[in-house]
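# A closer look at the structure
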Amino acid sequence: MKNGDHLFLVDGSGYIFRAYHALPPLNRKSDGLPVSAVLGFCNMVWKLLKDARDTAVGVTPTHFAVIFDYSSKTFRNEIFPEYKANRTEPPEDLIPQFGLIREATRAFDLPCIEMEGYEADDLIATYARLATEAGGDATIVSSDKDLMQLVRPTVSMYDPMKDRQIGIAEVIEKWGVPPEKMIDLQALTGDSIDNIPGVPGIGPKTAAQLLEEYGDLDTLLSRAHEIRQNKRRENLIEYAEKARISRELVRLKDDVPVELPLDALALNPPNGPKLIAFLKAMEFSSLTRRVAEATGTDAAAIEPAYVEVQKGAEAHGPDLTIPATGTGELGAEGEVAPERAEETETPEKLARKLAEAAVGKQFDRSRYVCIRDLEALNQWVAEARETGLLALTAETTSSDPMQAELCGIALATAPGRAAYVPLAHKDGSADLLGGGLVDGQLAIADVLGVLQPLLHDSAVLKIGQNLKYAWLLLYRHGIEIAPYDDTMLISYVLEAGSQAHGLDALSQRWLGTTPLSYTEAAKGRAKTTFDMIELERATIYAAENADIIFRLWKVLKPQLAARGLVSVYERLERPMISVISRMEHRGITVDRQILSRMSGEFAQTAAAMEEEIYRLAGERFTIGSPKQLGEILFGKMGLPGGAKTKSGQWSTSAQVLEELAAEGHELPRRIVDWRQVTKLKSTYTDALPGYINPDTGRVHTSYALASTTTGRLSSSEPNLQNIPIRTAEGRKIRTAFVAAPGRKLISADYSQIELRVLAHVADIPQLKQAFADGLDIHAMTASEMFGVPIEGMPAEVRRRAKAINFGIIYGISAFGLANQLGIPREEASAYIKRYFERFPGIRDYMEHTKAFCREHGYVETVFGRRAYYPEIRSSNPSVRAFNERAAINAPIQGSAADIIRRAMIRMDAALQDAGLGNVQMLLQVHDELVFEAPDEAVERAIPVIRTVMEGAAWPARALSVPLKVDARAADNWDEAH
DNA sequence: GTGGTCTCCTA
DNA sequence: GTAGGAGACCACA
């Protein structure tokens, strides 16, 4: 920005409310979506951009930005917790417009700026200052008095609804003080809407008069005793501190660490097609026409954009998006006033209609195209740009996206319109050296070169099934797919627990068709890699999958809105794809030498143990065979059997063997020890080195996003969520998880997160108080239950209370608790009874949860994620009881899972903002995150990580219990944890 | 080779 | 008592 440049700063959030109340209601004709503020906004911005000379501003902007509030919580809440506390929820028909106006901003190709922790006004103040310092001018498009303190010779305001400019003279005229005294004036008068206290009895007139007389607030307050009017003097003295707090609330922060520099706000010529696509989606016909004329664009040739609609509790933040009801088919014209609007179609009706329409549709495999030249590929790219939608799948040589080589890419741009681009298919007659490639395939680099802009194009939604796989694969090729949707995750949000989410299952369930199986495509050789499959079959298989994904998306996406699950998908699922992909891509270093040494030691120990076991048993047998072991112990040696397994065998579980050992039997003791050693060896020290990726030298686990009922992740190949920790021997395995040289591992874990969630959801005063006070929660429980003082409490008493606390989370039963504690069932029953007497809220919560689940078939987390347990209505008592326990557990486990997801989603940006872009999140273990950081960044990183994790529920939910995170850094995972 | 069973590792 | 993944064994193809 340079001398003479002019920056326009539009107060987007302020405009929304003002336009909503000032403009007549307007609904989109095709679906009744309320859009009056959106139209007002678009008209206003268009006018500012095109006809600034005709408005009171009289200048044409060179720089432009639209600023929004991010959320209601800012640094002001720390100064004054009640700040904006009496803010009410926005009206129902305004909520979707928050997101739409952000979309509109993007359609205008204008920067859309918001920042967590700051209000729009602070960002505006910062940019206005920056513009002035750069020698330019700024116009703040707003009429909010809170912004008037910013007015100066280089900064003015413009009220777009009255077409009126506000400069220094206008501020003085209206308020009786110059702009620089507006802060003091507002500090005195307060503001009931924002809940700023001010001084009672002082309004704008008196305030202006006082400031005129005394100069400024500090002088006034220090000389308040001089004031003659009794009541006014008393109030000024009594409320002096409130006035000072008010001043800090009112004073705008003009040094926000903004992300976008001033130069990034430079105005570009309007992108006619992009803007028109949005305006058409909104069905603003006259503005569409005006924009088309001004930009020389043929509006008729442009398809309406796919526009997502925000709605729900978080809609005034960047949270939550809901798809518009209908995507490309909305051809209706006219900006319809409500009285002319036809009966609105509900999301439910539309979703049902689309679902019904999709079933049994033809799949014509002969129409799938095999793309073998760039011209054809470009044609498909153009199609995707037109529709704004692209379903895709990557075909590769491996199920591990960190090792897989790309064989081809399948695309779909409409139902039935799908193609396959073979890239690296091998000749069937290949020799042992790998043979030649099939002729006529495009080069990977060329194809990715053509696709990259499309995969990055913000106007084209990329749709995948388990998109994480393709995302990570292409990330390895330097491509970050965005924006995107994932049919698997949509299905998971819709039906976690009750249905499968694989492509075949979804296809059968929603489309009524079974896709060509991989085995069929590979002519029965299920093990051959995809590059060995001939092109014709490969095309059918891959293109059909892309086709199915496209059709599934058309059916599934509207279901989210219809079932009120958009926020779950948008806030908890979709963002995880890029977050998890990056984590998997980073991997973690595992020290081969350490594991190899341990394996050797374990081998020796195990061998010695085996000899001793054979001696004690009197024969050699397969110790690892529960069947053979059972025969030795309970047959040959005649030991008393304990529990039976499902298949009627005597159980040889550790618990049974421990009991026998406790009775003095030597062999069971040795078996238990042997099992521990061989378990550690086979599952960990032997297996882990095999997962070290030869290219990266690190271990890259795979996190499943849609495999649990509760919302937890799962980890596999290898599972890094079950690395031993409980025994000293096992724990040593963690020393093999190391930081790279010059770096440290940081482990940050939530303390008692599930019990905290329980205290919140079940609303248990004693638990909440104990957490607020930072007490030992198990000791507190014991003290409450058994009347034992916390100090000097016997360890056994605390242990029992701890078991009960965990039992509650797991949906307690007397049987389970008795088992866990090794006490009679009657005693366990008595404990539970006592617990419920002390904490009746827990019993209420459990009963309420079960009843809710029986009625609805699902339960919900704090954030609205659903877990389905239809079998809670089973007539089989044990099935029913099992589902009841699961239903009690799911909201607790699931809410905790949601919280850490939210932390993970925010983490990278938070670290980046703190200048810690070199701190990398590597692993998640349900309540723990593991990072790798350069030595010198560790001390700065820990507080950032802790802040993000402890604040992860906010602003979606205000937990009534604090979250606590412990974090530590070391060279290896054992010492860091 | 595949799938079921048993056992055991984690939160 | 909740939620997972994996290795070993073993019966079946």
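What you see is a predicted model; the values in this text were computed from it and never measured. (Residues numbered from 1 in each chain as written. Chains lettered and ligands numbered in written order. Predicted model: local features only at pLDDT ≥ 70, side-chain atom pairs only at ≥ 80, totals over all residues. Heavy atoms only, no water.)

### Topic: the sheet that holds strand 14 (residues 484-486)
- One open sheet accounts for six strands, arranged 9-12-11-10-13-14; its pairing is mixed. Every other strand in the sheet has two partners, leaving strand 9 (369-370) and strand 14 as the edge strands with one partner each.
- Summarising the sheet, strand 10 (residues 389-396) and strand 11 (residues 406-414) pair through six bridges and their orientation is antiparallel. When the bridges of strand 11 are listed, glutamate 395 appears paired with glycine 408.
- In the packing of helix 16 (residues 444-456) onto the sheet, the strands contacted are strand 10, strand 11, strand 12 (417-422) and strand 13 (461-464), and the crossing angle to strand 11 comes to about 40°.
- Strand contacts of helix 17 (residues 467-476): strand 10, strand 11, strand 13 and strand 14, with the helix running at about 75° to strand 10, the strand carrying the most contacts. (Pairing = 2+ DSSP bridges. Helix = DSSP H or I, 4+ residues; strand = E, 2+ residues; numbered from the N terminus. Contact = heavy atoms within 4.5 Å. Axes fitted to C-alpha atoms, helices over the stretch in contact; angles between N-to-C directions.)

### A look at the pairing of strand 2 (residues 63-67)
- Burial runs high along strand 2: five of the five residues are buried.
- The alternating pattern of strand 2 places His63, Ala65 and Ile67 and Phe64 and Val66 on opposite faces, both of which are buried.
- Two elements, strand 1 (residues 6-11) and strand 2, share five bridges in a ladder whose sense is parallel. Note on strand 2: the bridge partner recorded for leucine 7 is histidine 63.
- Inspection of the sheet shows strand 2 paired to strand 3 (residues 112-113) by two bridges, in the parallel sense. Across the sheet, the residue bridging to valine 66 is cysteine 112, located in strand 3. (Buried < 20%, exposed > 50% of the residue type's maximum accessible area, 1.4 Å probe, protein only.)

### Considerations on the nonpolar core
- Membership of the largest hydrophobic core comes to 200 residues, with the highest contact counts inside it found for Tyr750, Ile842 and Met904.
- Beyond its immediate sequence surroundings of up to four residues, methionine 904 is in contact with Met576, Val579, Ile580, Met583, Leu713, Met921, Gln924 and Leu929.
- Ranked by size, the runner-up nonpolar core spans 51 residues in total, among them Ala65, Leu188, Val199 and Val256. (Core = buried A, V, L, I, M, F, W, Y, C linked by side-chain atoms within 4.5 Å.)

### Details of the pairing of strand 5 (residues 155-159)
- A large share of strand 5 lies buried, amounting to five of its five residues.
- Both faces of strand 5 are covered, namely the face carrying Val155, Met157 and Asp159 and the face carrying Ser156 and Tyr158.
- The pairing of strand 4 (residues 137-141) with strand 5 spans four bridges and is parallel. Looking at strand 5, one finds that isoleucine 140 is bridged to methionine 157.
- Note that strand 5 and strand 6 (residues 164-166) share three bridges and pair antiparallel. In the sheet register, tyrosine 158 faces strand 6, and the bridge partner there is glutamine 165.
- Counting the residues that bridge the hairpin from strand 5 to strand 6 gives four residues, and of these aspartate 163 lies at a positive phi of roughly 50°.

### What to know about the packing of aromatic side chains
- Inspection of every chain in the model, using the stated rule, returns 18 aromatic pairs.
- For the pair tyrosine 835 and phenylalanine 836, a centre-to-centre distance of 6.4 Å together with 80° between the ring planes defines the contact as edge-to-face. Of the two residues, tyrosine 835 and phenylalanine 836, both sit in the buried class.
- Here the aromatic residues Tyr420, Tyr518, Phe530 and Tyr541 are joined through ring pairs into a cluster of three or more.
- Over the ring of tryptophan 650 we find lysine 644; its NZ or CZ atom is 4.7 Å from the centre of that ring.
- We note arginine 734 situated over the ring of tryptophan 973; from NZ or CZ to the ring centre the distance is 4.3 Å. (Phe/Tyr/Trp six-rings, centres within 6.5 Å; stacked < 30°, edge-to-face > 60°. Lys NZ or Arg CZ within 6 Å of the ring centre and 35° of its normal.)

### Some thoughts on the protein's contact with DNA strand C
- Lining the immediate surroundings of DNA strand C are 34 residues, of which Ser625, Glu717, Asn719, Ala803 and Phe815 lie closest.
- Taking the atoms of DNA strand C that fall within 4 Å of the protein, sugar and phosphate contribute 74% of them.
- One of the backbone nitrogen or oxygen atoms of threonine 709 is found 3.1 Å away from a phosphate oxygen of DNA strand C.
- Between serine 714 and DNA strand C, the recorded distance is 3.0 Å, taken from a side-chain N or O atom to a phosphate oxygen.
- Secondary-structure elements contributing two or more residues to the surface near DNA strand C are helix 25 (626-636), helix 27 (666-685), strand 17 (714-716), helix 32 (795-809), helix 33 (814-821) and helix 36 (877-913).
- Among the residues forming the surface near DNA strand C, the class breakdown is eight nonpolar, 21 polar and five charged. (Near = heavy atom within 4 Å. Polar contact = N/O pair within 3.5 Å; in protein donor to acceptor, adjacent residues only side chain to side chain. Nonpolar A, V, L, I, M, F, W, Y, C, P; charged D, E, K, R; others polar.)

### Topic: the confidence of the model for chain A
- Averaged over every residue, the pLDDT of chain A is 91; the share at 70 or more is 95%.
- For residues 312-343, every residue scores under 50 in pLDDT, and the model assigns this stretch 101 contacts once sequence neighbours within four places are set aside. (pLDDT = per-residue confidence, 0-100.)

### With respect to the sheet that holds strand 19 (residues 743-750)
- Ordered in space as 22-23-19-24, the four strands form an open sheet in which the pairing is antiparallel. Looking along the sheet, the strands with just one partner apiece sit at the ends: strand 22 (920-924) and strand 24 (965-970). Neighbour-to-neighbour, the strand axes of the sheet open up by a mean angle of 25°, direction not taken into account.
- Taken together, the six bridges between strand 19 and strand 24 define a ladder with antiparallel strand orientation. Each bridged residue has a counterpart across the sheet, and for isoleucine 746 the counterpart in strand 24 is alanine 969.
- Along the sheet face, helix 37 (residues 938-950) touches strand 19, strand 23 (928-934) and strand 24 and points at about 25° away from the line of strand 19.

### A few points about helix 37
- The end-to-end C-alpha separation of helix 37 is 18 Å, in line with the 18 Å expected for 13 residues at 1.5 Å each.
- Along helix 37, the positions that sit buried rather than exposed are Val938, Ala941, Ile942, Val944, Ile945, Val948 and Met949.
- Contact partners of the buried residues in helix 37: strand 19, helix 36, strand 23 and strand 24. (Expected span 1.5 Å × (residues − 1).)

### Looking at the protein's contact with DNA strand B
- Lining the immediate surroundings of DNA strand B are 21 residues, of which Thr645, Ser647, Thr652, Ile725 and Arg726 lie closest.
- Among the atoms of DNA strand B lying within 4 Å of the protein, the sugar-phosphate backbone contributes 86%.
- Between DNA strand B and arginine 726, the relevant distance is 2.7 Å, taken from a phosphate oxygen to a main-chain nitrogen or oxygen of the residue.
- The class makeup of the residues in the surface near DNA strand B is seven nonpolar, eight polar and six charged.

### As for the pattern of salt bridges
- Enumeration over the complete set of coordinates arrives at 60 salt bridges.
- Between arginine 551 and aspartate 547 there is a salt bridge, with its nearest N and O atoms 2.9 Å apart. One end of the pair, arginine 551, and the other, aspartate 547, are both in helix 21 (residues 535-562), four residues apart, so they sit about a helical turn from each other. Neither residue differs from the other here; arginine 551 and aspartate 547 are each classed as buried.
- Between glutamate 612 and arginine 670 there is a salt bridge; the shortest N-O distance is 4.0 Å. Residue glutamate 612 is found in helix 24 (residues 592-617), and its partner arginine 670 is found in helix 27; the two are separated by 58 residues along the sequence.
- What you see here is one network of salt bridges that share partners, running through Asp218, Arg247, Glu248 and Arg251. (Salt bridge = Lys/Arg side-chain N within 4 Å of Asp/Glu carboxyl O.)

### Quick notes on the domain arrangement of chain A
- Domain assignment breaks chain A into domain 1 (6-265), domain 2 (367-586), domain 3 (589-692) and domain 4 (710-764 + 839-977).
- The gap between the C-alpha centroids of domain 1 and domain 4 is 39 Å.
- Between domain 1 and domain 4, the residue contacts involve four residues of the former and four residues of the latter.
- Here domain 1 and domain 4 share an interface that buries about 360 Å² over both sides, 55% of which is from carbon and sulfur atoms.
- Among the residues of domain 1 in contact with domain 4, Lys73, Glu116 and Glu259 are the three that bury the most area, contributing 68% of the side total.
- Applying the counting rule to domain 1 against domain 4 returns one salt bridge.
- For arginine 906, the salt bridge goes to glutamate 116, with nearest N and O atoms at 3.7 Å.
- One can count zero residue pairs in polar contact (both at pLDDT 80 or more) joining domain 1 with domain 4.
- Its residues assigned to classes, the side of domain 1 that touches domain 4 shows no nonpolar, one polar and three charged. (Domains from an automatic or database assignment. Buried area = accessible area lost by both parts, 1.4 Å probe.)

### Quick word on the packing of helix 32 against helix 34 (residues 825-838)
- Where helix 32 meets helix 34, the closest approach of the two axes is 11 Å, and the angle between their N-to-C directions is 75°. Taken together, the axes of helix 32 and helix 34 lie roughly perpendicular to each other. Every residue of helix 34 that contacts helix 32 at Arg800, Ile804, Asn805 and Ile808 is listed here: Glu827, Tyr831, Tyr835 and Phe836.
- Considered class by class, the residues forming the contact of helix 32 with helix 34 number five nonpolar, one polar and two charged. (Parallel < 35°, antiparallel > 145°, perpendicular 65-115°, else oblique.)

### Some thoughts on the UniProt feature "domain: DNA-directed DNA polymerase family A palm" (unreviewed entry) in chain A
- As recorded in UniProt, the feature "domain: DNA-directed DNA polymerase family A palm" (unreviewed entry) lies at residues 730-937.
- In this annotation, residues 730-937 is assigned 58% helix and 13% strand; the end-to-end C-alpha distance for the span is 30 Å. (UniProt positions renumbered as here; feature names shortened; annotations may be inferred.)

### Notes on unusual backbone geometry
- Residues alanine 482 and proline 483 are joined by a peptide bond in cis, for which omega reads -10°.
- Relative to the helices and strands, proline 483 is located in the loop between helix 17 and strand 14.
- Going from glutamate 717 to proline 718, the amide bond is cis rather than trans, its omega being -5°.
- Here proline 718 is to be found in the loop between strand 17 and helix 28 (728-731).
- With a phi angle near 55°, asparagine 466 is a residue other than glycine that sits in the positive phi range.
- Note on placement: asparagine 466 falls in the loop between strand 13 and helix 17.
- A positive phi angle, near 50°, is found at lysine 523, a position not held by glycine.
- Here lysine 523 is to be found in the loop between helix 20 (518-521) and helix 21.

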